[in-house]
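Structure assessment
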Amino acid sequence: MKIIVTERIADEGINYLKENGFDVDIKFGIPHAELLEIIENYDAIIVRSVTKVNEELLQRGKNLKVAGRAGNGIDNIDVNACTKRGIIVVNTPESNIMAAAELAIGLAFCIFRNIPQAHWSGKHNKDYRRSKFNGNELDEKTVGIIGLGRIGSIVARKLQGCNMKVVAYDPYITDERFKKLGVEKCETLEELLRQSDLITLHTPKTSETYGMLGEKELSMCKKGVRIVNAARGGLVNEKALYKAIVEGHVAGAGIDVLEPEPNYDKKPEEQDYTNPLLELDNVIITPHLGASTAEANYNVGTAVTKLVADALKGEMVAAVNMPALKGTSLNELRPYLDLAETLGKIYYQAEKETVQKIEIVYSGDLAEAETGVISLSVLKGFLDVINKEKVNYVNAELIAKSMGIELVESKSTHLDKYTNLITVKFHTKTKELHVSGTVFAKEEIRIVDFFGYKLDFEPTPYVIAIQNVDKPGIIGQIGTILGASDINIAAMQWSRNRKGDKAVAFVSVDGEVSNEVLQLLKNIDGLLKATMMKF
Ligand code: NAD
Ligand code: MLT
């Protein structure tokens, strides 16, 4: 499978992809128009913040299955458009937060103490005098943090260490979290603006946050306020900021992100970027350097490539466009995901009648769990068996809906025998058939009910499902046919509901069984069905 990497990421990440058999094309800084011409050749794209993974690109990228964002913000990726096409979007939100927080603090020190300006004047031997670069201290001042998420929280902790009073505005964070961080909550943005000596922004770029510091908001700030933006260009209106600095209301700004940004992958002689803010002495800028540390580069590059590789292999990854896993790790859920996928795979390997509704019932411990992704796993397994196009956790629900299949999820805390149980009920026009499974000892998965027959079966990659009349002699004949065909039986389990009625058997074998051998089994007197199931 082919992966294009359009912005610089750590070599270790690229090597990981190559070692895992992917064909990787490095096209750092490729212009959008050129990318449009070649994107059709790729199964996955890895970008940072410059490449726009937008509708136009996705329309051309007909083979794209995964978009990997090497970093945190996903504002350059049209996630909805990706989801509509079943493209998995992954990012690495935790990998560079320390780097970004430290840069914001660094910018704060720089604008309070004029460090870059003093350095520049020394280097260029221009007015290199102490009196010119007199600054202020952070100590005992008030910092207003807008956005108290991952990065904002680290900034809060570090600036508390500088003996600053830390206040924050973030309407989506609980009072408990504010309390835990020792940060004073501002109920409104205005409350923060009116008291802060330093304002630092750490929100994502959304329609709500875009331009959130405009002319009106800046006029509410204390005279002499300093502003740091190491989050996203556009959160601070640049024209308004320019005016407020020129008028002397804002004393300085430290800016890592601009709107628009220069293409930092272009050679200096090819740059044609202009921005009035860059002409102001008390504005210091860095070229979107927030994530640029050896540690963050390594973390981001290795994390994104692992996610992209896993997603391309069809494994469940924590994707941006999938139900969130609040407080549960993917590893904890893994056995349930495997069980769910196995249960989903059973129906169309054993039956033919069209399914109209899939009902998933979670019982016992699972009644309290995050089951959204587990349900997706059922659907993925169900569709994998019949769908020619690649089914993944992002497109499974869309594909099922497009087939007119209704998905219903319910929960019950009541259970007699198992501590957890997943039951999948397949509803057709004429009947309902169900399968159930459980996980015990945290990782052992078992199918415990197959269309009403009780079992305790550990699914293996190759299983022959048999239905027969419950009478003597059938097991022996099955053994003889499989043995004569050189097929090894690894495990076998029979279940019948009533003596002399029908029975079902799951026979684990070491490899795929040909149609010819299955036909020989079906020829046994009393054998009603023999189907190869692959899990
Ligand atoms: P996060 O999602 O953990 O935190 C963002 C916080 O903003 C959340 O707590 C959210 O509730 C809050 N928020 C959302 N809308 C708000 C609003 N209208 N008013 C106030 N608060 C609001 O994100 P994070 O990982 O901390 O990243 C923060 C920003 O930093 C993002 O924009 C990200 O893209 C950017 N970033 C920049 C760099 C860089 O290189 N400069 C590196 C990493 C991240
Ligand atoms: C991010 O969102 O991770 C940062 O903007 C860093 C980057 O894109 O390089």
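Residues numbered from 1 in each chain as written. Chains lettered and ligands numbered in written order. Predicted model: local features only at pLDDT ≥ 70, side-chain atom pairs only at ≥ 80, totals over all residues. Heavy atoms only, no water.

Here's the deal with the overall build of the protein chain
Check the secondary structure of the protein chain and you find 17 helices and 22 strands. Scaling as 2.2 N^0.38, a compact globule of 535 residues should have a C-alpha radius of gyration of about 24 Å, whereas the protein chain reaches 30 Å, well beyond that. Expressed along its principal axes, the backbone C-alpha trace of the protein chain runs to roughly 105 × 50 × 35 Å. Out of the 535 residues in the protein chain, the part that is buried amounts to 50%. Of the roughly 25,800 Å² that the protein chain leaves accessible, carbon and sulfur atoms contribute 49%. (Helix = DSSP H or I, 4+ residues; strand = E, 2+ residues; numbered from the N terminus. Rg over C-alpha atoms; globule rule 2.2 N^0.38 Å. Buried < 20%, exposed > 50% of the residue type's maximum accessible area, 1.4 Å probe, protein only. Areas by Shrake-Rupley, 256 points an atom, 1.4 Å probe, with all protein chains shown as cover.)

Regarding the site of ligand 2
Residues in close proximity to ligand 2 include Arg-48, Ser-49, Arg-69, Gly-71, Asn-72, Gly-73, Asn-96, Arg-232, His-288 and Ala-291, which together make up its full environment. Measuring from an oxygen atom of ligand 2, one finds a backbone N or O atom of Gly-73 at 2.8 Å. Here an oxygen atom of ligand 2 sits 2.5 Å away from a polar atom, N or O, in the side chain of His-288. With the chains in place, 91% of the 260 Å² that ligand 2 exposes on its own is no longer accessible. (Near = heavy atom within 4 Å. Polar contact = N/O pair within 3.5 Å; in protein donor to acceptor, adjacent residues only side chain to side chain.)

Quick look at the sheet that holds strand 19 (residues 462-469)
In spatial order, the strands read 20-21-19-22; together these four strands make up an open sheet with antiparallel pairing. A strand with exactly one partner marks an edge of an open sheet, and here the two such strands are strand 20 (489-496) and strand 22 (527-534). Between one strand axis and the next, the sheet turns through 15 degrees on average, direction left out of account. Where strand 19 meets strand 22, seven bridges bridge the pair, whose relative direction is antiparallel. By the bridge assignment for strand 22, Val-463 is matched with Met-533. On the sheet, helix 17 (residues 515-522) packs against strand 19 and strand 22 and is oriented at approximately 155 degrees with respect to strand 22. (Pairing = 2+ DSSP bridges. Axes fitted to C-alpha atoms, helices over the stretch in contact; angles between N-to-C directions. Contact = heavy atoms within 4.5 Å.)

Some details on the domain arrangement of the protein chain
Each domain of the protein chain was delimited in the assignment, giving domain 1 (2-94 + 296-312), domain 2 (97-285), domain 3 (322-458) and domain 4 (460-535). On a C-alpha basis, the centres of domain 3 and domain 4 stand 25 Å from each other. Listed per partner, the contact involves 15 residues of domain 3 and 18 residues of domain 4. Across the domain 3 to domain 4 interface the summed buried area is about 1,500 Å²; carbon plus sulfur atoms make up 61%. Put simply, domain 3 and domain 4 have one salt bridge between them. Here Lys-529 and Glu-351 are joined by a salt bridge, their closest N and O atoms 3.0 Å apart. The interface formed by domain 3 and domain 4 includes six residue pairs in polar contact (both at pLDDT 80 or more). Every element with two or more residues in the side of domain 3 that touches domain 4 is listed here: helix 13 (330-350), strand 17 (444-450) and strand 18 (453-457). Here the side of domain 3 that touches domain 4 is built from residues that sort into seven nonpolar, three polar and five charged. (Domains from an automatic or database assignment. Buried area = accessible area lost by both parts, 1.4 Å probe. Salt bridge = Lys/Arg side-chain N within 4 Å of Asp/Glu carboxyl O. Nonpolar A, V, L, I, M, F, W, Y, C, P; charged D, E, K, R; others polar.)

Describing the site of ligand 1
Among the 28 residues in the neighbourhood of ligand 1, the closest are listed as Asn-72, Arg-150, Ile-151, Asp-170 and Thr-203. Gly-73 places a main-chain nitrogen or oxygen 3.5 Å from an oxygen atom of ligand 1. Contact with the protein chains hides 90% of the accessible area of ligand 1, taken as 860 Å² for the molecule alone. Looking at the shell around ligand 1, the elements that each hand over two or more residues are helix 5 (97-113) and helix 7 (150-160). The residue inventory of the shell around ligand 1, partitioned by class, reads 13 nonpolar, ten polar and five charged.

Notes on the sheet that holds strand 15 (residues 420-427)
Strand pairing in a sheet relies on backbone hydrogen bonds. The paired strands run either parallel or antiparallel. If you trace the six strands from one edge of the open sheet to the other, you get 14-13-15-16-17-18, paired in mixed fashion. Each edge of the open sheet is held by one strand with a lone partner, namely strand 14 (406-412) and strand 18. Across the sheet, the mean angle separating the axes of adjacent strands is 20 degrees when strand polarity is ignored. Relative to strand 18, strand 17 runs antiparallel, the two being bridged by three bridges. Bridged to Phe-450 within strand 18 is Tyr-453.

Some remarks on the environment of Lys-442
Here Lys-442 is to be found in the loop between strand 16 (432-440) and strand 17. With 14 residues separating them in the primary sequence, Lys-442 and Thr-428 have C-alpha atoms 33 Å apart.

Comments concerning a nonpolar patch on the surface
There is a patch of nonpolar side chains on the surface, built from Val-385, Ile-386 and Met-403 and spanning about 210 Å² of accessible area. Along the chain, Val-385 turns up in the loop between helix 14 (372-384) and helix 15 (396-402). (Patch = residues over 30% accessible without salt bridge, like charges linked within 9 Å, V, L, I, M, F, W, Y side chains within 5 Å.)

Details of helix 14
When the terminal C-alpha atoms of helix 14 are compared, their 18 Å separation across 13 residues agrees well with the 18 Å that a helix rising 1.5 Å per residue should span. When you tally the buried positions in helix 14, you get eleven out of 13 residues, the bulk of the element. Those residues of helix 14 that are buried lie in contact with helix 13, strand 13 (357-364), helix 15, strand 14 and strand 15. (Expected span 1.5 Å × (residues − 1).)

Concerning the packing of aromatic side chains
Taken as a whole, this structure holds eight aromatic pairs when the rule is applied. A ring pair is formed by Phe-450 and Phe-451, whose centres lie 4.4 Å apart and whose planes are at 20 degrees; its orientation type is stacked. For the pair shown, Phe-450 and Phe-451 are each scored as buried. One aromatic cluster is present, formed by Tyr-347, Tyr-348, Phe-382, Phe-426, Phe-450, Phe-451, Phe-457 and Phe-506 through successive ring pairs. Above the face of the Phe-112 ring, Arg-226 is positioned so that its terminal group lies 4.4 Å from the ring centre. (Phe/Tyr/Trp six-rings, centres within 6.5 Å; stacked < 30°, edge-to-face > 60°. Lys NZ or Arg CZ within 6 Å of the ring centre and 35° of its normal.)

A closer look at the pattern of salt bridges
Evaluated as defined, the whole model comprises 32 salt bridges. Between Asp-127 and Arg-129 there is a salt bridge whose closest N-O contact spans 2.7 Å. Judged by relative accessible area, Asp-127 falls into the partly exposed class, the value being 39%. By relative accessible area, which is 42% here, Arg-129 ends up partly exposed. With a closest N to O distance of 2.7 Å, Lys-306 and Asp-310 form a salt bridge.

Structural notes on the pairing of strand 11 (residues 250-255)
With respect to burial, strand 11 is a largely interior element, five of its six residues being buried. As paired strands, strand 10 (residues 225-229) and strand 11 are joined by five bridges and run parallel to one another. The residue bridging Val-228 from the neighbouring strand is Gly-254, located in strand 11. Sheet topology note: the strand 11/strand 12 (residues 283-285) ladder contains three bridges and is parallel. Residue pairing for strand 12: Gly-254 is matched across the bridge by Ile-284.

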